[in-house]
Amino acid sequence: MSFTVLGLSAELLRAVAEKGYSEPTPIQSQAIPVILEGRDILGAAQTGTGKTAGFTLPLLQRLNTAPHNEGRRYIRALILTPTRELAAQVEESVTTYGKYLPLKSLVIFGGVNINPQIKALRSGVDILVATPGRLLDHVEQKTLDLSRVEILVLDEADRMLDMGFIRDIRKVLALLPKKRQNLLFSATFSDEIKKLADGLLNAPTLVEVARRNTSAELISQVVHPVDRDRKRELLSSMISSNDWRQVLVFMRTKHGANRLCEQLEQDGISAAAIHGNKSQGARTRALADFKQGSVRVLVATDIAARGLDIDQLPHVVNYELPNIPEDYVHRIGRTGRAGNEGEALSLVCIDEHEFLRDIERLIKREIPKVVVPGYEPNPSLKAQPIPNGRGSRGSAPVHARRTGSPKGADRAPGQRARTNPTRPHAQGSKPKHEQSTTANDRSRSVNGNTQQPSRSAEQNAPARHRGERELPALLKRR
Ligand code: AMP
């Protein structure tokens, strides 16, 4: 199928062609015509499926075909995202796809000085991409007006709830006009999301694409069994001998990520770490260096990697398996994106065998095991428990394992591991990562002044709700 049959305008088709897309992804071919008709959407899709263009293209077209006839711009579309990185990436897409349209967009998020955002808002914006906390800061300061929003997008709604934004989202909803188009995207579906969708959407059309764990054919997965203290040697040797230029490596902890980075550098392999203790500026720099090739290895924790969009990433390495099996699916989803082939390798030591079994149970397939000659595991080694995780000998009950994180595991600054996902922070307060501002802010407006976020991460907690279900399962029940 070609983009031309979807009903998009020449300006948008031109921007899409310049981006190099030859055909729409499944979520795009399903969502675009429905959104163009002005209908609400319940989208079951995660990052990597092309969902951003799936909602951005028709949103731009709708705003452009019904231009406002007042002299001053006002916020006509609001896109809420859980993390700063995702907000920045979504707004970048809005700018890219809307480059031939006379619409103006802006991204706002916490952790940076609010003043440049106020200035940019004052000059008029059609499309606002925001994280919920900072949006409410502006509402409190009366620096923006949401009373004429025509289209609302909740992107990665499940993660917004995981991060404790439900109260903030409800406050935002109360400020919007009743008559509007709503687009809600979520990869998974808890009771909380279902409640939110029920209250928000008006006769929604369901668009869904298979999750990565059912459509991972494009990703070749392999496990290399290896002793824990030989992983680093094996990784360095694989990178050098295969001449890999761009590898994303996953660790469970921030400390582990830093250490591995240093070790790779010692081996003469350029590497950068990205995790919740790094300043936003350092993270942005590391990602930019990795994308443009001056850093070969990006070592990331699960939380830091959420929402990262790196085109055509060829290799993902699980240096350590995650203790939450769903995180494995998110991790390998970083490769083989939007139709490209990718390779996901896992270096697995004896301590992680139970993690591996949990993952294989989740993805409903066994991952081939290939021992690398010279790195055969020592059969006399015994498993050691992984702190707070579940090593081969560990015995944490499943729910405890799912809601906790390993000691030192990456999570949002100020965010504690939650056992009660429905009440993540005190009434009236905001998640901490949304609260502070620093002087080193550059706000980021579509029309020019690019701003870099300056402070540390706004990220989602890895906690998964108990009772969380896949969206299709929920819909069968409806
Ligand atoms: P998303 O799921 O929106 O994060 O998109 C994932 C990646 O797919 C991004 O790098 C997009 O640039 C890319 N992408 C989106 N639509 C297409 C398409 N139709 N063809 C090829 N790549 C695409």
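Residues numbered from 1 in each chain as written. Predicted model: local features only at pLDDT ≥ 70, side-chain atom pairs only at ≥ 80, totals over all residues.

Engineer: Describe the overall build of the chain, with residues and values.
Structural biologist: Regarding its fold elements, the chain presents 17 helices and 14 strands. Counting across all 478 residues of the chain, residues that qualify as buried make up 50%. In the chain, once contacts between residues fewer than 6 apart in sequence are set aside, the share between residues at least 24 apart is 77%. (Helix = DSSP H or I, 4+ residues; strand = E, 2+ residues; numbered from the N terminus. Buried ≥ 20, exposed ≤ 12 C-beta atoms within 10 Å, placed from the backbone. Contact = placed C-beta atoms within 7 Å.)

Engineer: Go over the pairing of strand β10 (residues 271-274), please, and point to the residues and values.
Structural biologist: Here β10 shows no split at all, with A271 and A273 on one side and A272 and I274 on the other all buried. Inspection of the sheet shows β10 paired to strand β11 (residues 297-301) by 4 bridges, in the parallel sense. Considered in β11, the bridge of A273 is made with V299. Handedness of the β10-helix α12 (residues 280-292)-β11 crossover: right-handed. (Pairing = 2+ DSSP bridges. Right-handed = clockwise from strand over helix to strand, strands pointing away.)

Engineer: So what's going on with unusual backbone geometry? Which residues, and what values?
Structural biologist: Phi is positive for K142, which is not a glycine, with a value near 55 degrees. Tracing the chain through its elements places K142 in the loop between α6 (132-140) and β5 (151-154). With a phi angle near 50 degrees, E156 is a residue other than glycine that sits in the positive phi range. As for its placement among the helices and strands, E156 is situated in the loop between β5 and α7 (157-162).

Engineer: Break down the environment of G50 for me, citing the residues and quoting the values.
Structural biologist: When you line up the elements, G50 lands in the loop between β1 (41-44) and α3 (51-65). Here the alpha-carbon distance between G50 and T25, two residues 25 residues apart in the chain, equals 6.2 Å.

Engineer: Give a description of the environment of L103 that names residues and reports values.
Structural biologist: Within the secondary structure layout, L103 lies in the loop between α4 (84-97) and β3 (105-108). Overall, the presence of 21 C-beta atoms within 10 Å leaves L103 in the buried class. Separated by 40 residues in the primary sequence, L103 and L63 place their C-alpha atoms 8.2 Å from one another. Not counting the four nearest positions on each side in its chain, L103 is found in contact with L60, L63, N64, G98, D126 and I127.

Engineer: Requested: an account of the sheet that holds strand β9 (residues 247-251), with residues and values cited.
Structural biologist: Across the sheet, 6 strands lie side by side as β8-β13-β12-β9-β11-β10; this open sheet has parallel pairing. Every interior strand has two partners, whereas the edge strands, β8 (219-225) and β10, have only one. Strand-to-strand twist across the sheet, computed as the mean angle between neighbouring axes with direction ignored, equals 20 degrees. As paired strands, β9 and β11 are joined by 5 bridges and run parallel to one another. By the bridge assignment for β11, V247 is matched with V297. (Axes fitted to C-alpha atoms, helices over the stretch in contact; angles between N-to-C directions.)

Engineer: Mind laying out the nonpolar core, listing which residues take part and the relevant values?
Structural biologist: Ranked by internal contacts, the top residues of the largest apolar core, which has 68 residues, are L128, V129 and A130. In this structure, L128 is in contact with I75, L78, L106 and I108, ignoring residues within four places of it in sequence. V223, V247, F290 and Y319 belong to the second largest nonpolar core, which has 42 residues in total. (Core = buried A, V, L, I, M, F, W, Y, C linked by C-beta atoms within 7 Å.)

Engineer: Could you give an account of the packing of α3 against α4, with specific residues and numbers?
Structural biologist: The contact between α3 and α4 brings their axes to 10 Å, and the two run at 50 degrees. What the angle tells us is that α3 and α4 run oblique. α3 and α4 meet at a crossing whose hand is right-handed. On α4, the residues touching T52, A53, T56, L57 and L60 of α3 are V90, S93, V94 and Y97. Class assignment of the residues belonging to the contact of α3 with α4 gives a composition of 6 nonpolar, 3 polar and no charged. (Parallel < 35°, antiparallel > 145°, perpendicular 65-115°, else oblique. Left-handed = near helix turned anticlockwise from the far one by under 90°. Nonpolar A, V, L, I, M, F, W, Y, C, P; charged D, E, K, R; others polar.)

Engineer: Before we move on, could you go through the confidence of the model for the chain and cite the residues and values that matter?
Structural biologist: Overall, the predicted model of the chain reaches an average pLDDT of 78, with 75% of residues at or above 70. In this model, residues 211-215 is a region of pLDDT below 50 whose contacts with residues beyond four sequence positions or in other chains number 12 contacts. Low pLDDT, under 50, characterises residues 389-478; the predicted model gives this stretch 228 contacts beyond four residues in sequence or across chains. (pLDDT = per-residue confidence, 0-100.)

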